[in-house]
Structures are given as C-alpha cells and as structure tokens.
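Here is how the chains run, residue by residue.
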Amino acid sequence: RVHGETVVPSLVCVSLSVLCFVAMDTSSAQSLADFGYEYDASGKLVQIGTGDAFKFVDQQHYEALGDCVEKHIQTLMKTQCQLEEVQLPLPEDFSETDGNGERPQVNIFVSADWQTNSEKLLVLIQGSGAVRAGQWARSCCINSTLAIGSVLPYVEEAKRQGYAVLVLNPNYNHYKFQDGKQCVIPFNESPEKHVLYVFSRFVMKSVAKEVYIVAHSFGGVSTMVLVAQAPDELIERIAGIALTDSVHSSFKVQSLPQTRRKWLRSKCRDWVASKSPLDTPLPKQTQNAAVPCVSAGDHRHEYTSGCAFPSIFPFFATLSSNNQQDQAACHNCQCS
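Residues numbered from 1 in each chain as written. Predicted model: local features only at pLDDT ≥ 70, side-chain atom pairs only at ≥ 80, totals over all residues. Heavy atoms only, no water.

Chemist: What is the right way to look at the overall build of the protein in this model?
Modeler: Looking only at helices and strands, one finds 13 helices and 12 strands in the protein. Within the protein, the fraction of its 336 residues that count as buried is 50%. Restricting the contact set of the protein to residue pairs at least 6 apart, pairs at least 24 apart contribute 69%. (Helix = DSSP H or I, 4+ residues; strand = E, 2+ residues; numbered from the N terminus. Buried < 20%, exposed > 50% of the residue type's maximum accessible area, 1.4 Å probe, protein only. Contact = heavy atoms within 4.5 Å.)

This is the structure in structure tokens:
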C-alpha cells in the first residue's frame, strides 16, 4: 500500500492480462474485438483500452487471432480500397457442389475496372504458408504494422496511380466443407496452378496494355512458372516484375529460352533481404538469382515487401511505355 492505496506491480498486471487471453474461448471469437484487440491509426495491432502491443499466449490463440486479422484485412480491401471479392473457380469452369450445396472455392480480390482499364494492371502474389489474400506476412500484420505486413499500401498506391488491381490467394488450395470433409480446389490445386488460372481467366481477358507483377517469396517461383508457360501475347504485355526476396532458383531462369531470359532480366528486379540500404545493388545475389537483385532495406525475409514498397512503383514507372515514349520524344526534340 502506498499512501493508503493498494498498488499492483506492473508485472502482475501483465500476468493478469495474459491470463485473461488464455481463459477466453478462442473457438467463439469472430473478430479482433473478441480478442480484445484493434488496429490503431498507425496500423499497429494493440489491446483495446490500453494501447499495449500484442502479447503471445500460445499457438492456438495466435492462429485464431490470425484468422481474424485475415478477415479484417479482407474487409478493408472491400470497404477502404473498394475491391470486389470473386470466388474461384469461376462457375463456368466448375459448378459441382456437395450434398449441402457447397462448392469448393477460393477468394481473390479485384478492382471494378480490371476488365476495362486499358492502361495498367497490377497483380499481387504473396508467398507460401498461412498468408491469405491481402497479406504479405501474417507475423508482420500482428507484430509490426499493416503497412509492412499487408498489401494495402500497394493497392492504395496502385489505385491512386490509375492501375487496375488483382490480389491473388495462391495458398488456399484445399476447401473444407461444413461436414468436415476436405477436397482440393479445382484449377487451384497448388500456388502455381492458382497463378496460371488467374492469368488465363482474368489477365488474358483484361484490356490493359501493361501488366505489372509484385511477387513475394514463393510467389517468385509461381511467377517463373508463369514466365515459362505464358503465351507470347501475354509476355508482350508484362511490362515489369518486382520480386521481394523470391525463393526461385537460378535453374528456373537458366532453363528459359534465351529470348525470355533476356526479356526477364530487362523487366525484373528482386528486392532481397539485406542489411544494406534500400536499392543497393547486390552482385552476388544477382548471380545466384539470375535476375538483378538489390537490397530491400531490411535483413528480415518477411519484412521485404513492406520495406521495398517505396521503390517498386518508381521502378515500374521507368519501364512504362509512356515514360519511354516521353524520354524518346525528349531525346529527339530540337530544344536548345
């Protein structure tokens, strides 16, 4: 007691807080608020009422909270970014249902102008693991900020610059029915097949003359599969590829036909995990990846997409045909 008042040590307060999280039934939680969390104005996950940062309880709690983070980000993509949710495969490709009328499906998010934007289309492809559409790294969404861990900054900047947008969901390959049974999702059985399907059904049907790709980690592997299999008419429209710490092998690149290897090296850049300042050229990594590599400005793999963000749209701008035409016009002009 201090001056007649009972003082509870801060360590005890933290312990009581953690005990409250342990005691809650995570199976009934449907939102971040059910866990006692919210995102503040800076995009950081904090405890409601105290503003304290996330505290790890156990893996079950973390996974259940992660599901609510996923829902929160996808809600923001629809409300804040005005993206539309689309279920795959498209009904014209697969319409079979189980006895309860359920159809195996996976969601992606598209801007309303994905078919009509004749200028630019941005495709976002995340890596492997627990991340779903809208996330680069779930751990960063929970422990850092949405600016680092989610695709939201990319979507917002793309729309500001006049891009149409597709947000893929390559890791959700198995559908769980209400009766507990599971099955693979047709045309989306693997990350690579998901990417190929979306490009065949959406990108090929878009009218954008320039297509840009941002792919993180294993998303780089799927992108290399796309580059190897895409028809020439699609390759001609892909204006730029930004990888963030891609895990593709140099063999994937070296096995491409010479013309596509040359094309890829002129269109692609990989921002890799490094302690060097952002955009520092990295010759050794370039040799290993067989595409130009620069520093992402952070040595942690899961942070690379968020940390490289300031450089990626300027990189795309240098590859735009509009920019190249402007440069050519300036070069050929007779101004003194």
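Back to the write-up after that little detour.
Chemist: I would appreciate a short explanation of the pattern of salt bridges in the present structure.
Modeler: Where charged atoms from two side chains of opposite charge approach closely, those side chains can pair. Considering all chains together, one arrives at 8 salt bridges under this definition. Linking Asp-52 and Lys-55 is a salt bridge whose minimum nitrogen-to-oxygen distance equals 4.0 Å. Its salt-bridge partner being Arg-300, residue Asp-298 comes within 2.8 Å of it at the nearest N-O pair. Given a relative accessible area of 11%, Asp-298 falls into the buried group. A residue is classified by how much of its surface remains accessible, and Arg-300, at 33% relative accessible area, is partly exposed. (Salt bridge = Lys/Arg side-chain N within 4 Å of Asp/Glu carboxyl O.)

Chemist: Is there a simple way to think about the side chain of Gln-126 in this case?
Modeler: Take Gln-126: it is sitting in the loop between β5 (120–125) and α3 (138–143). The exposure class of Gln-126 is buried, given its relative accessible area of 2%. A distance of 3.4 Å separates a polar atom in the side chain of Gln-126 from the backbone oxygen of Leu-168. Those residues in contact with Gln-126, other than ones at most four positions away along the chain, are Val-131, Arg-132, Ala-133, Gly-134, Gln-135, Trp-136, Leu-168, Asn-169, Pro-170, Asn-171, His-216 and Gly-219. (Polar contact = N/O pair within 3.5 Å; in protein donor to acceptor, adjacent residues only side chain to side chain.)

Chemist: Is there a simple way to explain the packing of helix α7 (residues 219–229) against helix α10 (residues 258–267) in this structure?
Modeler: Relative placement of two packed helices is described by the angle separating their axes and the distance separating the axes. It is at 10 Å that the axes of α7 and α10 come closest, and there the two elements cross at 135°. As the angle between them shows, α7 and α10 are arranged oblique. Relative to α10, the crossing made by α7 is right-handed. On α10, the residues that touch Met-224, Val-227, Ala-228 and Gln-229 of α7 are Arg-260, Trp-263 and Leu-264. Among the residues forming the contact of α7 with α10, the class breakdown is 5 nonpolar, 1 polar and 1 charged. (Axes fitted to C-alpha atoms, helices over the stretch in contact; angles between N-to-C directions. Parallel < 35°, antiparallel > 145°, perpendicular 65-115°, else oblique. Left-handed = near helix turned anticlockwise from the far one by under 90°. Nonpolar A, V, L, I, M, F, W, Y, C, P; charged D, E, K, R; others polar.)

Chemist: Would you take a moment to explain the sheet that holds β5 for this structure?
Modeler: Pairing between the strands of a sheet is mediated by backbone hydrogen bonds and can be parallel or antiparallel. Strands sit in the order β3-β4-β6-β5-β9-β10-β11-β12 across an open sheet of 8 strands; the sheet is mixed. Each edge of the open sheet carries a strand with a single partner, namely β3 (83–88) and β12 (293–295). Direction aside, neighbouring strands of the sheet carry axes that sit 20° apart on average. With 3 bridges joining them, strand β11 (residues 268–272) and β12 adopt parallel strand pairing. Across the sheet, residue Trp-271 finds its bridge partner in β12, namely Val-294. Across the sheet, helix α2 (residues 59–79) lies against β3, β4 (106–111) and β6 (163–167), angled at about 30° from β4, the strand it touches most. Packed onto the sheet, helix α12 (residues 304–319) meets β5, β6, β9 (210–216), β10 (238–244) and β11 and runs at close to 160° relative to β10. (Pairing = 2+ DSSP bridges.)

Chemist: Just to check I follow, could you spell out the pairing of β9 for this structure?
Modeler: Looking along a regular strand, one sees side chains alternate from face to face of the sheet. Here β9 lies mainly inside the structure; 7 of its 7 residues are buried. A two-sided burial pattern is seen for β9, the buried positions comprising Glu-210, Tyr-212, Val-214 and His-216 on one face and Val-211, Ile-213 and Ala-215 on the other. Relative to β9, β5 is paired through 6 bridges, and the arrangement is parallel. Among the inter-strand pairings, Leu-122 is bridged to a residue of β9, identified as Tyr-212. Across 6 bridges, the pairing between β9 and β10 is parallel. Each bridged residue has a counterpart across the sheet, and for Val-211 the counterpart in β10 is Ile-238.

Chemist: Sorry if this is basic, but what is going on with the packing of aromatic side chains here?
Modeler: For any pair of aromatic rings, the description consists of the separation of the ring centres together with the inter-plane angle of the planes. On inspection of all chains with the given rule, the structure shows 16 aromatic pairs. Geometrically, the ring pair formed by Tyr-154 and Phe-313 is tilted, given 6.2 Å between the ring centres and 40° between the ring planes. Highlighted residues: Tyr-154 in helix α5 (residues 152–160) and Phe-313 in helix α12, separated in sequence by 159 residues. Where Phe-313 meets Phe-316, the ring centres are 6.2 Å apart and the plane angle is 80°; that geometry is what we call edge-to-face. (Phe/Tyr/Trp six-rings, centres within 6.5 Å; stacked < 30°, edge-to-face > 60°.)

Chemist: Help me understand α2 in this model?
Modeler: Turn by turn, an α-helix covers 3.6 residues, leaving residues three or four places apart pointing in a common direction. Compared with the 30 Å implied by 1.5 Å per residue over 21 residues, the 30 Å span of α2 between its first and last C-alpha is a close match. Listed in full, the buried residues belonging to α2 are His-61, Tyr-62, Ala-64, Leu-65, Gly-66, Cys-68, Val-69, Ile-73, Gln-74, Leu-76 and Met-77. For α2, the N-terminal cap is Asp-58; the gap from its side-chain oxygen to the backbone nitrogen of Gln-60 is 3.2 Å. (Expected span 1.5 Å × (residues − 1).)

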